[in-house]
There are 4 protein chains.
Amino acid sequence: MHLIRFGVSLPDQLIKRFDRLIRRKKYPNRSEAIRDLIRKELVAEEIENDGEVVGVLTLLYNHHQRELQDHLGQLQHAQHERILSTTHVHLDHDNCLEVVLLKGQAKQIKQMADELIALKGIKQGQLYRTSTGKDLS
Amino acid sequence: MHLIRFGVSLPDQLIKRFDRLIRRKKYPNRSEAIRDLIRKELVAEEIENDGEVVGVLTLLYNHHQRELQDHLGQLQHAQHERILSTTHVHLDHDNCLEVVLLKGQAKQIKQMADELIALKGIKQGQLYRTSTGKDLS
Amino acid sequence: MHLIRFGVSLPDQLIKRFDRLIRRKKYPNRSEAIRDLIRKELVAEEIENDGEVVGVLTLLYNHHQRELQDHLGQLQHAQHERILSTTHVHLDHDNCLEVVLLKGQAKQIKQMADELIALKGIKQGQLYRTSTGKDLS
Amino acid sequence: MHLIRFGVSLPDQLIKRFDRLIRRKKYPNRSEAIRDLIRKELVAEEIENDGEVVGVLTLLYNHHQRELQDHLGQLQHAQHERILSTTHVHLDHDNCLEVVLLKGQAKQIKQMADELIALKGIKQGQLYRTSTGKDLS
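Note that this is a predicted model, so its numbers are computed, not measured. (Residues numbered from 1 in each chain as written. Chains lettered and ligands numbered in written order. Predicted model: local features only at pLDDT ≥ 70, side-chain atom pairs only at ≥ 80, totals over all residues. Heavy atoms only, no water.)

**Student:** Can you help me understand the overall build of chain A in this one?
**Tutor:** When you go through chain A residue by residue, the secondary structure sums to four helices and five strands. Moving toward the C terminus, one meets the helices and strands of chain A in the order β-α-α-β-α-β-β-α-β. Compactness check: chain A gives a C-alpha radius of gyration of 20 Å against a globular reference of 14 Å for 137 residues, more than 25% above the reference. Along the first, second and third principal axes, the C-alpha atoms of chain A reach 60 × 30 × 20 Å. Counting all 137 residues of chain A, 59% fall into the buried class. For chain A, restricting intrachain contacts to residue pairs at least 6 apart in sequence, the fraction spanning at least 24 positions comes to 67%. (Helix = DSSP H or I, 4+ residues; strand = E, 2+ residues; numbered from the N terminus. Rg over C-alpha atoms; globule rule 2.2 N^0.38 Å. Buried < 20%, exposed > 50% of the residue type's maximum accessible area, 1.4 Å probe, protein only. Contact = heavy atoms within 4.5 Å.)

**Student:** What should I look at first to understand empty space enclosed by the protein in this one?
**Tutor:** Going through the model one piece at a time under the given rule, you end up with one cavity of 30 Å³ or more. Looking at the largest cavity, its volume works out to about 40 Å³. Forming the boundary of the largest cavity are Val56(A), Thr58(A), Gln126(A), Tyr128(A), Val56(D), Thr58(D), Gln126(D), Leu127(D) and Tyr128(D). Mapped by element, the contributors of at least two residues to the lining of the largest cavity are strand S2 (52-62) and strand S5 (122-130) of chain A together with strand S2 (52-62) and strand S5 (122-131) of chain D. The biggest single contributor to the lining of the largest cavity is S5(D), with three residues. Taken together, the residues that form the lining of the largest cavity break down as five nonpolar, four polar and no charged. (1 Å grid on protein atoms, 1.4 Å probe; cavity = no way out; pocket = protein on both sides within 12 Å on 5 of 7 lines; lining within 4 Å. Points joined across faces, edges and corners; volume = space filled by probe spheres on them. Nonpolar A, V, L, I, M, F, W, Y, C, P; charged D, E, K, R; others polar.)

**Student:** Help me out: how do you make sense of the environment of Gln79(A) in this one?
**Tutor:** Note on placement: Gln79(A) falls in the loop between helix H3 (66-78) and strand S3 (83-90). Between the alpha carbons of Gln79(A) and Leu102(A) there is a distance of 9.8 Å; along the sequence they are 23 residues apart.

**Student:** Mind showing me how you'd approach the interface of chain A and chain D here?
**Tutor:** It is common to give the size of an interface as the accessible area that goes away when the parts come together. Residue-level contacts link 47 residues of chain A with 47 residues of chain D. Three residues stand out in chain A for area buried against chain D, namely Lys123(A), Gln124(A) and Tyr128(A), and they jointly supply 15% of the buried area on that side. Our count for the contact surface shared by chain A and chain D stands at two salt bridges. Here Lys26(D) ties to Glu115(A) by a salt bridge, and the two come within 2.9 Å at their closest N and O atoms. Taken together, chain A and chain D are joined by 17 residue pairs in polar contact (both at pLDDT 80 or more). Mapped onto the side of chain A that touches chain D, the elements with two or more residues apiece are helix H1 (12-25), helix H2 (30-48), S2, S3, strand S4 (95-105), helix H4 (106-117) and S5 of chain A. Its residues assigned to classes, the side of chain A that touches chain D comprises 18 nonpolar, 13 polar and 16 charged. (Buried area = accessible area lost by both parts, 1.4 Å probe. Salt bridge = Lys/Arg side-chain N within 4 Å of Asp/Glu carboxyl O. Polar contact = N/O pair within 3.5 Å; in protein donor to acceptor, adjacent residues only side chain to side chain.)

**Student:** I keep staring at the sheet that holds S3(A) and nothing clicks. Help me out?
**Tutor:** Residue and element names in this part refer to chain A. The four strands lie next to each other as S3-S4-S2-S5, forming an open sheet whose pairing is antiparallel. Looking at which strands have only one partner, the edges of the open sheet turn out to be S3 and S5. Looking at each pair of strands side by side, their axes are set apart by 15° on average, direction ignored. Strand direction decides the pairing type here: S2 and S5, joined by eight bridges, are antiparallel. If you follow threonine 58 over to S5, its bridge partner there is glutamine 126. Of the strands in this sheet, S2, S3, S4 and S5 are in contact with H4, which crosses S5 at around 170°. (Pairing = 2+ DSSP bridges. Axes fitted to C-alpha atoms, helices over the stretch in contact; angles between N-to-C directions.)

**Student:** In this structure, what is going on with the packing of aromatic side chains? I would like to understand it.
**Tutor:** The description of two aromatic rings rests on the distance between their centres and on the angle between their planes. A complete count under the given rule lists zero aromatic pairs over all chains for this structure. The ring of Phe6(B) is capped by Arg30(A), whose NZ or CZ atom sits 4.6 Å from the centre of that ring. (Phe/Tyr/Trp six-rings, centres within 6.5 Å; stacked < 30°, edge-to-face > 60°. Lys NZ or Arg CZ within 6 Å of the ring centre and 35° of its normal.)

**Student:** So what exactly am I meant to see when it comes to the relation of the copies chain A and chain D here?
**Tutor:** Superposition record for chain A on chain D: RMSD 0.0 Å, screw rotation 180°, translation along axis 0.0 Å. Viewed as a symmetry operation, the transformation between the two copies matches a two-fold axis. Relative to the rotation axis, the closest C-alpha in chain A is found at Thr87(A), a distance of 3.5 Å. Here 100% of the interface residues in chain A have copies in chain D that are interface residues too; the copies meet face to matching face. (Least-squares fit on C-alpha atoms with pLDDT ≥ 70 in both.)

**Student:** What exactly am I supposed to notice about helix H2 (residues 30-48) of chain D here?
**Tutor:** One full turn of an α-helix is made of 3.6 residues, so residues set three or four places apart face in the same direction. All names here are of chain D. Between the first and last C-alpha of H2 there are 28 Å, a value that for 19 residues agrees with the 27 Å anticipated at 1.5 Å per step. Measuring from the side-chain oxygen of the N-cap residue of H2 to the backbone nitrogen of serine 31 gives 3.2 Å; that N-cap residue is asparagine 29. Backbone geometry just after H2 places aspartate 50 at a positive phi near 60°. (Expected span 1.5 Å × (residues − 1).)

**Student:** Teacher, can you tell me more about unusual backbone geometry here?
**Tutor:** Positive phi values are uncommon outside glycine, yet Lys26(B) reaches one of about 65°. Here Lys26(B) lies in the loop between helix H1 (12-25) and helix H2 (30-48). What makes Lys26(B) partly exposed here is its relative accessible area of 48%. Residue Asp50(D) is not a glycine yet carries a positive backbone phi of 60°. Note on placement: Asp50(D) falls in the loop between H2 and S2.

What follows is the structure in structure tokens.
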């Protein structure tokens, strides 16, 4: 990885406010903060263009619904080649959170997540998609 | 407005992808694109901190519902000191779009928009909040 | 427009919390609130499928930059068949807000908005896309 | 959990489009789809009101940056009482994904995530917050 340095011009008021934001978020320097903003923009584009992405699917449900866990298991097995890992956390006596990490084309991942979220008994489901990191130095 | 110039370091691959994005979006140069990313971040913070904001409220409805227009008018008059302007566009025989520009504290604006969106007959309502521009050079 | 009535089952705790939310947002009844949630979901899908949409483009800028206003005018004229209206509001001595209403395919509208937002001198630009209302009763 | 049944009125065109959406997303019935829309709305409110939430923090980074892993470890240990679990996945030779599950007040979780995302070497970080499930039947 080769670093390239170039100059950026900012109005003084803008840079003052940006520096305050950077301190609050504890960035080590301006370059790192700007890199983050740029990468966020690039990832948003990747997803819009249906590139290969990593999906983080969060499912919140009541684990007393035994049938649900069977369904969850079946659906995941049917598409196991797209699943990287599954993490299960017990939030309290009733609720648990399952985080399923997926990899595939942006739209396929979306379709698969939609089906899991639609299962009866899932209280809350949310898919977040990000880059696979390959072209994101 | 005084411009300050400073150096930023980016991995070469990242800068290549960023330059492609900049060309597609037709930015005149990197500085302008980076300023935009920074300002977007600052505005997001302003809204979270309940600062004074400008609100753009979009309401889509069927104008044959005369009662709705009366209600819309009444609610807007009651809060006229927060309304900058209202623009009305006829989309087709049935549908029209009303864009209400608001100014006030972020949460007040949200509350006011919620009430307008909840009116019976509004098909779609959406509030977008942005900076008043005062501290955003 | 013909109304169809059907039954929905909700856990009692969920309905209690939903009713509180409805009161806060001042919805006249549950049906209206549920219609809004459904329409929001449908509009999100329309945009993803690149259907015909209405775009609300908000541009915040310092009107002392005379060149910017020329550029804004030229770009808008070049695509006038997609512009429904333009509203201009003076926020203070320096800042003004321009709201451009657009109509066209979801992606074309995005591309056009990207170019306007990228103009030097625009402090903040944001595109919000919604339904044309045609198939949204 | 006690189910309450009530009637909802929808325009026939709207219900037709909703039913198509439901089929595509594979919901078992309308009630389940409507419950999901309602819960999504309630969770959004919980977060705005700084309630106790579960956070899913996704960090994408190049694992060759050994220093980064040390920093990640230290920061996580310092706040271990808020961390439910950490899952690590190797995406390819260079990239890995770490998913950190957090629990705490909405704003504290955000502050903690900001610090982790700001670490030098993190390519992409994203926090998603959801309900703890407690009052969400």
